[in-house]
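Geometric and topological summary
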Amino acid sequence: GQSLEQPSEVTAVEGAIVQINCTYQTSGFYGLSWYQQHDGGAPTFLSYNALDGLEETGRFSSFLSRSDSYGYLLLQELQMKDSASYFCAVSSEGQKLVFGTGTRLLVSP
Amino acid sequence: DTEVTQTPKHLVMGMTNKKSLKCEQHMGHRAMYWYKQKAKKPPELMFVYSYEKLSINESVPSRFSPECPNSSLLNLHLHALQPEDSALYLCASSQDEVSGYNEQFFGPGTRLTVL
């Protein structure tokens, strides 16, 4: 089977840095993606890691360790608008995307 | 145009009704997807179409019937649904890569309620 585990909820204040972890067990692995979803909205793509290491895109960075089956999303300079659910997702069998359990991020003033 | 559109936004149907959900993209993507999402849960893959052919069916009950009339359109035909099928149905598209990078673009979804 396939499983991706994330913390269910993370809270932080504006301007802070937060890390959302993802551990996975999958039968096939091409890469790890991160998606953001606001309440009532559609998931939107944030980042993708196929190789070990850190990828930086503005305030967001994503890390992958294939040997540890582990990745994280790092959000810096948090803003109120970052309050949303964040999903890691494993790409396997080419087009198939399996989503993690999701982490609800609450940013307070 | 980097948008995936879905209609209708909301749908209420009885268990004996037949209805269809529609999805459209004009990004030239050759892979399209249907997901089901329950409240506070992750999206769950239902179907994948690649070059207008069904490539993945995640053991979805036959009361859900997908159709891909052309490379821009994806339909989901619904018949004899159960109340537990009430959920947000998301359509997505991506460039058809055999492996690797697979950014998916999601539509806003259809919120379905089955009475």
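Placed above this text is the structure.
First things first, this report covers the structure right here in the doc. Given the structure is predicted, the values throughout are model-derived calculations rather than measurements.

Reading the values: rules and limits
- Residues numbered from 1 in each chain as written.
- Chains lettered and ligands numbered in written order.
- Predicted model: local features only at pLDDT ≥ 70, side-chain atom pairs only at ≥ 80, totals over all residues.
- Heavy atoms only, no water.
- Helix = DSSP H or I, 4+ residues; strand = E, 2+ residues; numbered from the N terminus.
- Rg over C-alpha atoms; globule rule 2.2 N^0.38 Å.
- Buried < 20%, exposed > 50% of the residue type's maximum accessible area, 1.4 Å probe, protein only.
- Disulfide = S-S within 2.5 Å.
- Contact = heavy atoms within 4.5 Å.
- Buried area = accessible area lost by both parts, 1.4 Å probe.
- Salt bridge = Lys/Arg side-chain N within 4 Å of Asp/Glu carboxyl O.
- Phe/Tyr/Trp six-rings, centres within 6.5 Å; stacked < 30°, edge-to-face > 60°.
- Pairing = 2+ DSSP bridges.
- Axes fitted to C-alpha atoms, helices over the stretch in contact; angles between N-to-C directions.

Per the secondary structure count, chain A includes 0 helices and 11 strands. Scanning chain A from its N terminus toward the C terminus, one meets helices and strands in the order β-β-β-β-β-β-β-β-β-β-β. Against the globule reference of 13 Å for 109 residues, chain A gives a C-alpha radius of gyration of 13 Å, in line with a compact fold. Taken across its 109 residues, chain A has 50% of its residues classed as buried.

Let's shift gears to the state of the cysteines. Residues and elements named next belong to chain A. Within the structure shown, the criterion is met by 2 disulfides over all chains. The disulfide that involves Cys22 links it to Cys88, with 2.1 Å between the sulfurs. The S-S bond linking Cys22 to Cys88 shows a torsion near 70°; that makes this disulfide right-handed. Here Cys22 is found in strand β3 (residues 18-25), whereas its partner Cys88 is found in strand β9 (residues 84-92), with 66 residues between them in sequence.

Residues and elements named next belong to chain B. Mapped onto the elements, Ser72 comes out in the loop between β7 (64-70) and β8 (73-79). Judged by relative accessible area, Ser72 falls into the buried class, the value being 18%. Setting aside anything within four residues of it in sequence, one finds Ser72 in contact with Cys23, Glu24, Gln25, His26 and Met32.

Here the focus is the interface of chain A and chain B. At the interface, 17 residues of chain A touch 27 residues of chain B. For the pairing of chain A and chain B, the buried interface totals around 1700 Å² over both sides, and the portion due to carbon and sulfur atoms is 58%. Connecting chain A to chain B are 1 salt bridge. Here A:Lys96 and B:Glu58 are joined by a salt bridge, their closest N and O atoms 3.1 Å apart.

What follows is about the environment of A:Pro7. Residue and element names in this part refer to chain A. Take Pro7: it is sitting in the loop between β1 (3-5) and β2 (9-13). Along the backbone, Pro7 and Ser92 are 85 residues apart, and their C-alpha atoms lie at a distance of 22 Å. For Pro7, the contacting residues outside a window of four places in its chain are Ile20, Asn21, Gly102 and Thr103.

It is possible for side chains bearing opposite charge to pair when their charged atoms get close. All names here are of chain A. Tallied over the entire structure, the rule returns 5 salt bridges over all chains. Here Arg59 and Asp82 are joined by a salt bridge, their closest N and O atoms 2.8 Å apart. Here Asp82 lies in the loop between β8 (70-75) and β9 and Arg59 lies in the loop between β6 (53-57) and β7 (60-65), a separation of 23 residues in the sequence. By relative accessible area, which is 2% here, Asp82 ends up buried.

Aromatic rings in a pair are described by how distant their centres are and how their planes are angled relative to each other. Tallied over the entire structure, the rule returns 13 aromatic pairs over all chains. Judged by centre distance (6.1 Å) and plane angle (90°), the ring pair of A:Phe87 and A:Phe99 falls under edge-to-face. You can see A:Phe87 sitting in strand β9 and its partner A:Phe99 sitting in strand β10 (residues 96-99), a full 12 residues away along the chain. For the pair shown, A:Phe87 and A:Phe99 are each scored as buried. What links up through ring pairs into an aromatic cluster is the set A:Tyr35, A:Phe45, A:Phe87, A:Phe99, B:Tyr33, B:Tyr35 and B:Phe106.

Moving on: the sheet that holds β1(A). Strand pairing in a sheet relies on backbone hydrogen bonds. The paired strands run either parallel or antiparallel. Residue and element names in this part refer to chain A. Across the sheet, which stays open at both edges, the 5 strands sit in the order β1-β3-β8-β7-β6 with antiparallel pairing between neighbours. Two strands bound the open sheet, and with one partner strand each, they are β1 and β6. Within the sheet, the average angular offset between the axes of one strand and its neighbour, ignoring direction, is 15°. As judged from the 6 bridges shared by β7 and β8, these two strands associate in the antiparallel manner. Paired with Ser62 across the bridge in β8 is Leu73.

Let us now look at the environment of B:Gly14. Tracing the backbone through its elements, the reader meets B:Gly14 in the loop between β2 (10-13) and β3 (18-25). For B:Gly14, a relative accessible area of 21% puts it in the partly exposed group.

Shape is all these values report; function is a separate question.
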